[in-house]
Amino acid sequence: MQDLARLRLDGDLLTPAHPDYDTARRPVDPAHQETRPLAVARCRSTADVAAVLAYARDTGARTTPRGGGHCFAGRSTTDGIVLDLAALDTVAVADGTAKIGAGARLAHVYTALHARGRTLPAGCGATVGIAGLTLGGGIGLLGRVHGLTSDRLAGARVVLADGRIADCDADREPDLFWALRGAGGGQFGVVVSLVFDTVPEPVATRFVLRWRRPSHADLVAAWQEWAPDAPDEITADLALGEDAVLFGAALLDEPATRELLQGFCDAVGAAPETDVQGGMPFHRLKRSFEDLDTPGGAIQRSRSAFFAHPLQPSTIAALTASLTGGRRLNFTAMGGAYNRVPAAATAFAHRGERFMLQLVAPTADPWLDEAWAAAYGDSSKRVYPNFPDPLLTDWATAYHGRNLDRLRAVKHAYDPDRCFSFPQSL
Ligand SMILES: Cc1cc2nc3c(=O)[nH]c(=O)nc-3n(C[C@H](O)[C@H](O)[C@H](O)COP(=O)(O)OP(=O)(O)OC[C@H]3O[C@@H](n4cnc5c(N)ncnc54)[C@H](O)[C@@H]3O)c2cc1C
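Residues numbered from 1 in each chain as written. Predicted model: local features only at pLDDT ≥ 70, side-chain atom pairs only at ≥ 80, totals over all residues. Heavy atoms only, no water.

A.B. asks: Even after reading the chapter, I still don't get the overall build of the protein, so can you show me in this structure?
C.D. replies: Within the protein one finds 14 helices and 18 strands. Relative to the compact-globule value of 22 Å for 426 residues, the protein shows a C-alpha radius of gyration of 21 Å, a close match. Across the 426 residues that make up the protein, the buried fraction comes to 56%. Within the protein, counting contacts between residues at least 6 apart in sequence, those at least 24 apart form 71% of the total. When the accessible surface of the protein is totalled, it reaches about 17,000 Å², and 51% of it is carbon and sulfur. (Helix = DSSP H or I, 4+ residues; strand = E, 2+ residues; numbered from the N terminus. Rg over C-alpha atoms; globule rule 2.2 N^0.38 Å. Buried < 20%, exposed > 50% of the residue type's maximum accessible area, 1.4 Å probe, protein only. Contact = heavy atoms within 4.5 Å. Areas by Shrake-Rupley, 256 points an atom, 1.4 Å probe, with all protein chains shown as cover.)

Given below as structure tokens:
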């Protein structure tokens, strides 16, 4: 296309002839690695981002920002220009406030914050990007105490479609700041840095309980009554495949954590293999869960939903009947601080949910859609914007709930020409 050579950047512009292009063009998910962008702009500065957006305005080229490159729906790749922000990854902490470059990945963020005795409630995937995570919410093991990652966002710098650089926070561009907290990435502009109110890094108790030949139905029935109502200080998520694993963290000492877990095991009526370790600094605990969080390279697909009420027994039976061949159910406990923020206070609309269920299966397995349909019937018909699902027909209300109209107005104000668009964008 049109004269890419005139695009001058502080970073590199990788076109197909460049030896690094083929590696740089691919997002993480193998399902979205076929797309061949016109170019990958390895941005080193805010000016680089602005230059690519100016080029896009002049030429009509599509652009999309990429942080960690993990989007389930492949939204951080394009046949136009990928804005690869990986080089913008500085983390500066002063007085508990962290200014973090939009290209930083979670492992780097946790390590840098740990050095200052701080942390953030955020996810486990080491290479997940802080920007993508935050813009869609950010669910993690500290969330029931401290809320979403986006609930700790205090401000952001954004390059808008018209080239303007907007610093937004509660006082400046408050509608943009509201919209950045939970609507999902890539909708309003390119975020180049984020400012967070961090929390003190806690010492926690880590636990993994494993049932080798479980009654999946009994586990789900007991978990959905217990985990969302457990004290905020314990987050216990349930992963079911052929085995069943209850894993998580408690901001409690080891004896108190064991006592809570014993109550759950009694309700299940089956004893697991138990690994409970108290006194663990939170960054070490996070690192220890990276393997549990990262699928083992197979091409998989997932679908999900939020639930404000327990699953019906017949739904549990349908979901758990055939968990073989790489099929998995991942239950994430919500409640606690997630639900103490009013649904209209930020763009993240899902503030009355008890849990999230993610179903995962090999790409060609028809079980996924059948099982998801069974589960969705019992759900709130709400879906986490960071787990985008291209097959959703009711996606606008599923992602945004009652915040949809305000989000559409913010989109119109900040990106009237829909420079940032993708299937299911606002
Ligand atoms: C292994 C794994 C573990 C995960 N664990 C968790 C978890 O524990 N908790 C949780 O809540 N979620 C989790 N997720 C989901 C994760 O939050 C989303 O996939 C998230 O969108 C990834 O962000 P990213 O920057 O890595 O991805 P990207 O694909 O780079 O970005 C995601 C979206 O945000 C946009 N975007 C990226 N950077 C910017 C920017 N600077 N400005 C504007 N838009 C931008 C992209 O264009 C894209 O639309 C996990 C995902 C994976 C694959």
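A.B. asks: What's the story with the site of the ligand in this structure? I'm lost.
C.D. replies: Among the 32 residues in the neighbourhood of the ligand, the closest are listed as Pro65, Gly67, Ser76, Ile139 and Tyr384. Within the backbone of cysteine 71, a nitrogen or oxygen atom sits 2.9 Å from an oxygen atom of the ligand. If the ligand stood free it would expose 960 Å²; the protein chains cover 93% of that surface. Those elements giving two or more residues to the shell around the ligand turn out to be strand E3 (63-66), helix H4 (130-136) and strand E10 (190-197). Per element, the largest residue contribution to the shell around the ligand is four residues, and it comes from H4. (Near = heavy atom within 4 Å. Polar contact = N/O pair within 3.5 Å; in protein donor to acceptor, adjacent residues only side chain to side chain.)

A.B. asks: What am I meant to see in the packing of aromatic side chains here?
C.D. replies: A full pass over the atoms with the stated rule returns 14 aromatic pairs. Between phenylalanine 331 and phenylalanine 355, the aromatic rings sit 5.9 Å apart at their centres with planes inclined by 50 degrees, giving tilted as the arrangement. Of this pair, phenylalanine 331 sits in strand E17 (residues 328-333) while phenylalanine 355 sits in strand E18 (residues 355-362), placing them 24 residues apart in sequence. What makes phenylalanine 355 buried here is its relative accessible area of 0%. Here the aromatic residues Phe72, Phe306, Phe348, Tyr384 and Phe387 are joined through ring pairs into a cluster of three or more. Over the ring of phenylalanine 289 we find arginine 206; its NZ or CZ atom is 4.6 Å from the centre of that ring. (Phe/Tyr/Trp six-rings, centres within 6.5 Å; stacked < 30°, edge-to-face > 60°. Lys NZ or Arg CZ within 6 Å of the ring centre and 35° of its normal.)

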